[in-house]
Amino acid sequence: EVQLQASGGGLVQPGGSLRLSCASSGFTFGDYDMSWIRQAPGKGPEWVSSINRDGSATYYPDSTKGRFTISRDNAKNTMYLQMNNLIPADTAVYYCAKGTPNGVSWNDWRRQWGQGTLVTVSS
């Protein structure tokens, strides 16, 4: 059974930093691309970042590029998201996901995300 658990969220001030972790189990972690997804209250899910299987390629939308850094440690079956220069618009529940948004059915993909971690950016 695929299990994904995000952790490390909390309350931070604008301009602050936070690092999220994603612990995975139930599949061969190093064989899959991985992603971070976030969802603000009352809004739909938003893609945050993706990373390829060995970590040599990373991808970001304009909203996170230059501020967020995705990484992974395949020996630990763990993925990370370093978030710098946080702004209030980053406030959301953050989830880790197996795979990427390319060609995905978001409703089906959501079933894998498990319990996310809440990031609140406020002064």
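This section reports on the structure supplied with the text. (Residues numbered from 1 in each chain as written. Predicted model: local features only at pLDDT ≥ 70, side-chain atom pairs only at ≥ 80, totals over all residues. Heavy atoms only, no water.)

Some remarks on the sheet that holds strand S9 (residues 92-98)
On the basis of which strands lie adjacent, the open sheet formed by six strands has the order S2-S10-S9-S4-S5-S6 and mixed pairing. Each edge of the open sheet carries a strand with a single partner, namely strand S2 (11-12) and strand S6 (58-59). (Pairing = 2+ DSSP bridges. Helix = DSSP H or I, 4+ residues; strand = E, 2+ residues; numbered from the N terminus.)

So, the state of the cysteines
In this structure the tally under the stated criterion is one disulfide. The residue that forms a disulfide with Cys22 is Cys96, at a sulfur-sulfur distance of 2.0 Å. Judged by the sign of its S-S torsion, about 75°, the bond between Cys22 and Cys96 is right-handed. Note that Cys22 is positioned in strand S3 (residues 18-25) and Cys96 in strand S9, a separation of 74 residues in sequence. Under the relative-accessibility criterion, Cys96 is labelled buried at 1%. (Disulfide = S-S within 2.5 Å. Buried < 20%, exposed > 50% of the residue type's maximum accessible area, 1.4 Å probe, protein only.)

Observations concerning the nonpolar core
Within the largest apolar cluster, 24 residues are counted, with the highest numbers of intra-cluster contacts made by Leu20, Trp36, Phe68, Met79, Leu81, Met83 and Tyr94. Of all the secondary structure elements, the ones that give two or more residues to this core are strand S1 (3-7), S3, strand S4 (34-39), strand S5 (45-51), strand S7 (68-73), strand S8 (78-83), S9 and strand S10 (117-121). When neighbours within four sequence positions are excluded, Leu81 is seen to be in contact with Leu18, Arg19, Leu20, Trp36, Val48, Ser49, Phe68, Thr69, Ile70 and Tyr94. By size, the runner-up hydrophobic cluster in this structure holds five residues, among which are Ile37, Ala97, Trp109 and Trp113. (Core = buried A, V, L, I, M, F, W, Y, C linked by side-chain atoms within 4.5 Å. Contact = heavy atoms within 4.5 Å.)

Description of the side chain of Arg72
Positionally, Arg72 belongs in strand S7. Despite its burial, Arg72 remains without a salt bridge, the nearest opposite charge being carried by Asp33 at 5.4 Å. Looking at Arg72, its side chain comes within polar contact range of the main-chain oxygen of Tyr32, at 2.9 Å. In this structure the side chain of Arg72 is engaged in a polar contact, spanning 2.8 Å, whose partner is the backbone oxygen of Asn52. For Arg72, the contacting residues outside a window of four places in its chain are Phe29, Gly30, Tyr32, Asp33, Met34, Ile51, Asn52, Arg53, Gly55, Thr78, Met79 and Tyr80. (Lys, Arg positive; Asp, Glu negative; His and termini not counted. Salt bridge = Lys/Arg side-chain N within 4 Å of Asp/Glu carboxyl O. Polar contact = N/O pair within 3.5 Å; in protein donor to acceptor, adjacent residues only side chain to side chain.)

Observations regarding the sheet that holds S3
Ordered in space as S1-S3-S8-S7, the four strands form an open sheet in which the pairing is antiparallel. Strands with a single pairing partner mark the edges of an open sheet, and in this sheet they are S1 and S7. Within the sheet, the average angular offset between the axes of one strand and its neighbour, ignoring direction, is 15°. In the sheet, S3 pairs with S8 via six bridges, with the strands oriented antiparallel. Note that in S8 the partner of Ala23 across the bridge is Thr78. (Axes fitted to C-alpha atoms, helices over the stretch in contact; angles between N-to-C directions.)

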